[in-house]
Structures are given as C-alpha cells and as structure tokens.
Protein chains: 2
Amino acid sequence: MGTPQLTKNQSLVMGALAHSDGPLSAYTILDKLRDQGFRAPLQVYRALDKLLEYGLVHRLESLNAFVACTCPHEHEHDHGVTAFTICEGCGQVTEFHDEAIEQRLSALVRAQSFKTEKTTIEIRGHCKSCA
Amino acid sequence: MGTPQLTKNQSLVMGALAHSDGPLSAYTILDKLRDQGFRAPLQVYRALDKLLEYGLVHRLESLNAFVACTCPHEHEHDHGVTAFTICEGCGQVTEFHDEAIEQRLSALVRAQSFKTEKTTIEIRGHCKSCA
DNA sequence: TCGCACACGTTATAGCATAACGCAATTGAT
DNA sequence: ATCAATTGCGTTATGCTATAACGTGTGCGA
Ligand SMILES: [Zn+2]
Ligand SMILES: [Zn+2]
Ligand SMILES: [Zn+2]
Ligand SMILES: [Zn+2]
C-alpha cells in the first residue's frame, strides 16, 4: 500500500501546500483554489483527509493549519513521531524526528498501559532570524 | 507573583473544570454555567485566559478543549513541559511530565537556534480500560 | 447488468474564537 | 479627595474552522 495516484482535487490541494512557504488553513487553501474551480470547504477537507492518510501532509493542531511533509524519505512507511517548531514571528515551520524522544514517549505511555494512535509535538516560539 | 485571588467568573470556570472528569470545551463550560448567570462565550474565554496564565488550566490543542491542571505541586513556578495522553474511548486525560523528554527537546531546538515559548505534547489513543 | 466503492458538488449547519463597544470597580499616585 | 490607569465585566456582532446530509457520476468486479 504505497501512495495511490492523487485525484485532481487532491493534487491541487497538495500543490497549494507544497508551493507555500508556510502552513495554510483549509479556508486559505480554498481561496487559493477558487480559480481552479473550488467552491466549498468540503472539497478542501476531503482532499486533506486523504493527503493526511497518505502521510503527504501534516496537520498542525495548535494552528488549525496544514503543511506539506518535508520528510526526505519516501512515504511508503509510517514515519514515526513527527515534531515541529513553529515560529510566531515569520510562520516558518520545521519538521523533525527524533528516535530518543519517540522511545522515551513510548516507554512512558506503556507504563500507563496506554495504546498510542497519534502523537502531536509542536513547539511554538521564535526562530533564529526572529529572535 | 503567585496565583492571585480568583474573580467570581474565574472561580466558576475553574470549578466547572475541576469537577469534570474530562476536558471541556469553552461552549460546554458556558452551558454548565448558564444557571450561574453566564450568557456569552467571552465570559468563559476571558476567565480561561487568566486561568491558563496562572497555570491552573491547560488547553488541549488537538481537542480545542480545556482541563484543570492535575500537578500535585503548587503553581508558584512554571511546571516545565506538560504532556497528555488522551483516550479516544472514554475521554480520560492524563497529564504527565518527564525531565528526559524536556531536556532532549531542549537540545534539539537549541540546535536549530530556536527559542521555545510553549511546548505541546498530546498523545491520542486508548487507555488500558478502552483497549 | 447489477451492485459497490469512491470521488465529487452543493447547501446548510454546527462548533470554536475574537472584535469592538461601553460600563463599573479597584488601585495608586498626586 | 481626585484623577488616571488598570482590570474585570456584559453585550452584540462577527469571523474562522469543520462536518452533516443529500444527491450525482464514474469505474470496476461479481
Ligand atoms: Zn513528515
Ligand atoms: Zn521566524
Ligand atoms: Zn499541569
Ligand atoms: Zn479510555
């Protein structure tokens, strides 16, 4: 189960995110795609649902917004826990992964007998340029 | 600068959260407090802002909801990074803190020359009872 | 050919959060 | 005491985020 061929709407939404320098809200994506025929939020949300499922896009919970995944490797397998730094100044988002954090979190939730389905790690602050 | 005396509205909102077994949305709090004279969302949001500032309440970004802090120690000092497990089955939320994760995250963002202001860690899944 | 899965389009609605106005009480100089 | 600044409060209106519910069309295997 790799990534299937994207539909037209999915490609358009993916393109909007990929060409943006920062995260986009669903409604911002909608506005960017009006010229391509988008008329309603559901067209965006349905595409986003699939892109999230395929691992091509991440949702930033603390922003109610979405970013294209910047993982270098192919998306054939789940890429573990994803973390983000989010600059309040310039809006820059940096995705990163860390095995140590993943394992430590895993141990902590195992101690609670908790079964993880999705992990959110988001760090708000200021990047080097915006300090 | 400890925690100031709470105002009436702040006390009511704090009480609603403290007596709930799970997280509450702002609008759910509003409904619970209608009999106490609450009429509009802003009454809730303004109280929540202060309670968040005092560290008595946490916001769950992935749920757009709020929980009372369950830290044992007094809230005279910032209690570092807070993490949560959130059960999709029963809604139970468990707050925890871990020095190792805090330090590892700190090292990772320092490597980016990023200055952290707020860290969100939320783990969605199923608790022992709901597995 | 039938049935099913899936993407799509549209309208309406639900849920979350803040802007902007004005008033009242408190505090802390002067 | 008086003035100014701060803080909390109440209200109305608005904006942003997300989903429900309905129907259409297309492709594909039984
Ligand atoms: Zn990624
Ligand atoms: Zn920046
Ligand atoms: Zn806490
Ligand atoms: Zn549970």
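As the structure is a computational prediction, the values presented were derived from the model and not from experiment.

Moving on, we come to the protein's contact with DNA strand C. DNA strand C sits among 15 residues. The nearest are Gln43 and Arg46 of chain A together with Tyr27, Leu42 and Arg59 of chain B. Among atoms of DNA strand C positioned within 4 Å of the protein, sugar and phosphate together represent 48%. Measuring from a phosphate oxygen of DNA strand C, one finds a side-chain N or O atom of glutamine 43 of chain A at 2.6 Å. With respect to DNA strand C, the side chain of arginine 46 of chain A contributes an N or O atom lying 2.3 Å from a base nitrogen.

A separate point is the protein's contact with DNA strand D. Inspection of the region around DNA strand D gives 15 residues, with Tyr27, Leu42 and Arg59 of chain A together with Gln43 and Arg46 of chain B positioned closest. Sugar and phosphate atoms form 47% of the subset of DNA strand D atoms that lie within 4 Å of the protein. Take tyrosine 27 of chain A: an N or O atom from its side chain is 2.8 Å from a base nitrogen of DNA strand D. The separation between a phosphate oxygen of DNA strand D and a polar side-chain atom of threonine 7 of chain B is 2.9 Å. Going through the elements one at a time, helix H3 (41-54) of chain A together with helix H1 (8-18) and helix H3 (41-54) of chain B are the ones with two or more residues in the surface near DNA strand D. Considering each element in turn, the surface near DNA strand D owes the most residues, 4 residues, to H3 of chain B.

This paragraph deals with the coordination of the zinc ion (ligand 2). Residue and element names in this part refer to chain A. For the zinc ion (ligand 2), every protein donor is listed as Cys87 (SG), Cys90 (SG), Cys127 (SG) and Cys130 (SG), and the spread of their distances is 2.2 to 2.4 Å. Viewed at the metal, the 4 donor atoms of the zinc ion (ligand 2) are separated by angles of 106 to 112°, and the geometry they form is tetrahedral. All donors of the zinc ion (ligand 2) belong to a single chain; written as a sequence motif, their spacing is C-x2-C-x36-C-x2-C. Cysteine 87 sits in the buried class, given a relative accessible area of 3%.

Our focus in this paragraph is the relation of the copies chain B and chain A. Least-squares fitting of chain B to chain A yields an RMSD of 0.0 Å, with the transformation described by 0.0 Å of translation along the axis and a rotation of 180°. The superposition operator between the copies reduces to a two-fold rotation axis. When each C-alpha of chain B is compared by its distance to the rotation axis, isoleucine 121 of chain B comes out closest, at 2.3 Å. Most of the interface of chain B is mirrored in chain A, where 100% of its interface residues again form contacts.

All right, on to the nonpolar core then. One broad trend across soluble globular proteins is that nonpolar side chains are buried collectively. In terms of nonpolar packing, the biggest core is built from 24 residues, with Leu105 and Ile121 of chain A together with Leu105 and Ile121 of chain B touching the most fellow members. Elements with a contribution of two residues or more to this core: strand S3 (83-87), helix H4 (99-111) and strand S5 (115-126) of chain A together with strand S3 (83-87), helix H4 (99-111) and strand S5 (115-126) of chain B. Those residues within four positions of leucine 105 of chain B in sequence are excluded, and the remaining contacts are Phe96, Ile101, Ile121 and Ile123 of chain A together with Thr119 and Ile121 of chain B.

What follows deals with the packing of aromatic side chains. All names here are of chain A. Taken as a whole and assessed by the stated rule, the structure comprises 1 aromatic pair over all chains. Both rings, one in tyrosine 27 and one in tyrosine 45, keep their centres 6.5 Å apart while their planes meet at 70°; by these two values the pair is edge-to-face. Note that tyrosine 27 is positioned in helix H2 (residues 26-32) and tyrosine 45 in helix H3, a separation of 18 residues in sequence.

The rules behind each value
Residues numbered from 1 in each chain as written. Chains lettered and ligands numbered in written order. Predicted model: local features only at pLDDT ≥ 70, side-chain atom pairs only at ≥ 80, totals over all residues. Heavy atoms only, no water. Near = heavy atom within 4 Å. Polar contact = N/O pair within 3.5 Å; in protein donor to acceptor, adjacent residues only side chain to side chain. Helix = DSSP H or I, 4+ residues; strand = E, 2+ residues; numbered from the N terminus. Donors = N, O, S within 2.8 Å, 3.2 Å for Na, K, Ca; no water. Tetrahedral: all angles 85-135°; square planar, octahedral: opposite > 155°, others 65-115°. Buried < 20%, exposed > 50% of the residue type's maximum accessible area, 1.4 Å probe, protein only. Least-squares fit on C-alpha atoms with pLDDT ≥ 70 in both. Contact = heavy atoms within 4.5 Å. Core = buried A, V, L, I, M, F, W, Y, C linked by side-chain atoms within 4.5 Å. Phe/Tyr/Trp six-rings, centres within 6.5 Å; stacked < 30°, edge-to-face > 60°.

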